[in-house]
Amino acid sequence: DAKTTQPTSMDCAEGRAANLPCNHSTISGNEYVYWYRQIHSQGPQYIIHGLKNNETNEMASLIITEDRKSSTLILPHATLRDTAVYYCIVRVGGDSNYQLIWGAGTKLIIKP
Amino acid sequence: NAGVTQTPKFQVLKTGQSMTLQCAQDMNHNSMYWYRQDPGMGLRLIYYSASEGTTDKGEVPNGYNVSRLNKREFSLRLESAAPSQTSVYFCASSTKGRRNTEAFFGQGTRLTVV
């Protein structure tokens, strides 16, 4: 069963920050939160992941609440090419043998 | 650098036919995975292989078999295809280790069973 809950869809204006929320209230202490996106039914693309601390890379920032029950993916300056389905995922298992438990995702539409 | 390559990209099967989906990665990754994605849903893990020579069941293994042929290749076989197996199939690979655990996905195989 999916361990995450996300809005079905969201809109964001081009050039603005897109903030995608995710609830994972049953997450365990050693389970990571991952974000992937999928454009036009292509293969999913890794974005970012984190455990407790906030994370940032060239694509996005990940803000995880202190109780780890929810997180937010931030795309700082959304472009039209960021239109995609964004999946918030919990990773279960250890580093050498893990599984990603996928939910249904959020369809993000970037509008001109 | 090709990444993860899946063949074929499209396939139509009749109920009861068999086929093998091929997957190869050129990133020297230890772990490989097969997922299926049904319309409007996230991915579900069918089988995975944590390293060469090992395979394990995921969430939805029934009706499928896998072979980790070598470090590069991980194939998925449908012995007797059923309409319920109509789906998009994705292969993925990843490294072990704490610092680089993101998975890389292929472009998918769109399978229709009639």
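Conventions used here
- Residues numbered from 1 in each chain as written.
- Chains lettered and ligands numbered in written order.
- Predicted model: local features only at pLDDT ≥ 70, side-chain atom pairs only at ≥ 80, totals over all residues.
- Heavy atoms only, no water.
- Core = buried A, V, L, I, M, F, W, Y, C linked by side-chain atoms within 4.5 Å.
- Buried < 20%, exposed > 50% of the residue type's maximum accessible area, 1.4 Å probe, protein only.
- Helix = DSSP H or I, 4+ residues; strand = E, 2+ residues; numbered from the N terminus.
- Contact = heavy atoms within 4.5 Å.
- Polar contact = N/O pair within 3.5 Å; in protein donor to acceptor, adjacent residues only side chain to side chain.
- Buried area = accessible area lost by both parts, 1.4 Å probe.
- Salt bridge = Lys/Arg side-chain N within 4 Å of Asp/Glu carboxyl O.
- Nonpolar A, V, L, I, M, F, W, Y, C, P; charged D, E, K, R; others polar.
- Pairing = 2+ DSSP bridges.
- Axes fitted to C-alpha atoms, helices over the stretch in contact; angles between N-to-C directions.
- Disulfide = S-S within 2.5 Å.

**Q** Can you help me understand the nonpolar core in this one?
**A** Soluble globular proteins tend to pack their nonpolar side chains together in the buried interior. All names here are of chain A. One finds Trp 35, Leu 73, Tyr 86 and Leu 108 to be the most contacted residues of the largest nonpolar core, which totals 22 residues. Within the residue set of this core, elements represented by two or more residues are β2 (18-23), β3 (32-38), β4 (45-50), β6 (61-64), β7 (70-75), β8 (84-94) and β10 (106-111). Residue contributions to this core peak at 4 residues, all from β8. Not counting the four nearest positions on each side in its chain, Tyr 86 is found in contact with Gln 6, Leu 20, Trp 35, Tyr 36, Arg 37, Ile 47, Leu 73, Leu 75, Gly 105, Thr 106 and Leu 108.

**Q** Is there a simple way to think about the side chain of A:Thr4 in this case?
**A** All names here are of chain A. Positionally, Thr 4 belongs in the segment before β1 (9-13). For Thr 4, the side chain forms a polar contact with the main-chain oxygen of Cys 88, separated by 3.0 Å. The residues touching Thr 4, leaving out its near neighbours within four places in the chain, are Cys 22, Asn 23, His 24, Cys 88, Ile 89, Val 90 and Gly 103.

**Q** Looking at this model, I keep getting lost on the interface of chain B and chain A. Mind explaining?
**A** Where interface size is given, it is often the accessible area lost as the parts come together that is meant. At the junction of the two partners, chain B supplies 24 residues and chain A supplies 21 residues. Carbon and sulfur atoms make up 46% of the area that chain B and chain A hide from each other, which totals about 1900 Å². Counting across the interface, chain B meets chain A through 0 salt bridges. Secondary-structure elements contributing two or more residues to the side of chain B that touches chain A are β4 (31-37), β5 (43-49) and β9 (87-94) of chain B. For the side of chain B that touches chain A, the leading source of residues is β4(B), giving 4 residues. By residue class, the composition of the side of chain B that touches chain A is 10 nonpolar, 10 polar and 4 charged.

**Q** I'm lost on the sheet that holds β6(A) in this one. Help?
**A** Sheet strands pair via backbone hydrogen bonds, and the direction of the pair is either parallel or antiparallel. All names here are of chain A. Read from one edge to the other, the open sheet built from 4 strands follows the order β2-β7-β6-β5, with strand pairing classed as antiparallel. Looking at strand neighbours, the two that pair on one side only are β2 and β5 (55-56), the edges of this open sheet. Where β2 and β7 come together, 6 bridges link them in antiparallel fashion. Bridging from a neighbouring strand, Cys 22 pairs with Ser 71 of β7.

**Q** Is there a simple way to explain the sheet that holds strand β8 (residues 74-78) of chain B in this structure?
**A** Residue and element names in this part refer to chain B. With antiparallel pairing, 4 strands are arranged side by side in an open sheet as β1-β3-β8-β7. The open sheet has two free edges, formed respectively by β1 (4-7) and β7 (64-68), since each of these has just one partner strand. In this sheet, neighbouring strand axes are inclined to one another by 15 degrees on average, regardless of whether the strands run parallel or antiparallel. Where strand β3 (residues 19-25) lies against β8, 3 bridges are found, and the strand directions are antiparallel.

**Q** Where do I start with the pattern of salt bridges in this structure?
**A** Side-chain pairing between opposite charges can occur once the charged atoms of the two side chains come close. What the rule picks out here adds up to 6 salt bridges over all chains. Between A:Glu31 and A:Lys3 there is a salt bridge whose closest N-O contact spans 2.8 Å. Here A:Glu31 is found in the loop between β2 and β3, whereas its partner A:Lys3 is found in the segment before β1, with 28 residues between them in sequence. The network of salt bridges with common partners includes B:Arg36, B:Asp38 and B:Arg44.

**Q** So what exactly am I meant to see when it comes to the environment of B:Gln6 here?
**A** Residue and element names in this part refer to chain B. Mapped onto the elements of the fold, Gln 6 is located in strand β1. Residues Gln 6 and Gln 22 lie 16 residues apart in sequence; the distance between their C-alpha atoms is 5.7 Å. With sequence-adjacent residues up to four places away left out, Gln 6 is seen in contact with Gln 22, Trp 34, Tyr 89, Phe 90, Cys 91, Gly 106, Gln 107, Gly 108 and Thr 109. There is a polar contact of 2.9 Å between the side chain of Gln 6 and the backbone nitrogen of Cys 91. Reaching out from Gln 6, the side chain makes a polar contact with the side chain of Thr 109 at a distance of 3.4 Å.

**Q** Please explain the environment of A:His77 as it appears in this structure.
**A** Residues and elements named next belong to chain A. Here His 77 shows up in the loop between β7 and β8. For His 77, a relative accessible area of 60% corresponds to the exposed category. Contacts of His 77, omitting those with residues within four sequence positions, involve Gly 15, Arg 16 and Asp 82.

**Q** Sorry, what's going on with the state of the cysteines here?
**A** What is meant by a disulfide is a covalent connection between two cysteines, made through their sulfur atoms. A full pass over the atoms with the stated rule returns 2 disulfides over all chains. Between the sulfur atoms of A:Cys22 and its disulfide partner A:Cys88 the distance amounts to 2.1 Å. Taking the torsion about the sulfur-sulfur bond, which here is approximately -85 degrees, the covalent link between A:Cys22 and A:Cys88 counts as left-handed. Residue A:Cys22 is found in strand β2, and its partner A:Cys88 is found in strand β8; the two are separated by 66 residues along the sequence. Residues A:Cys22 and A:Cys88 agree in their burial class; the two are buried. The partner cysteine of B:Cys23 in its disulfide is B:Cys91, sulfur to sulfur 1.9 Å. Between B:Cys23 and B:Cys91 the disulfide shows an S-S torsion of about -75 degrees. By sign, it is left-handed. Pair noted here: B:Cys23 is in strand β3 and B:Cys91 is in strand β9, with a separation of 68 residues, a long-range link. The class for B:Cys91 is buried, based on a relative accessible area of 0%. Between A:Cys12, a cysteine without a disulfide, and A:Cys22, which holds the nearest cysteine sulfur, the sulfur-to-sulfur distance is 18 Å.

Interpretation note: all reported values are geometric properties and have no functional meaning in isolation.
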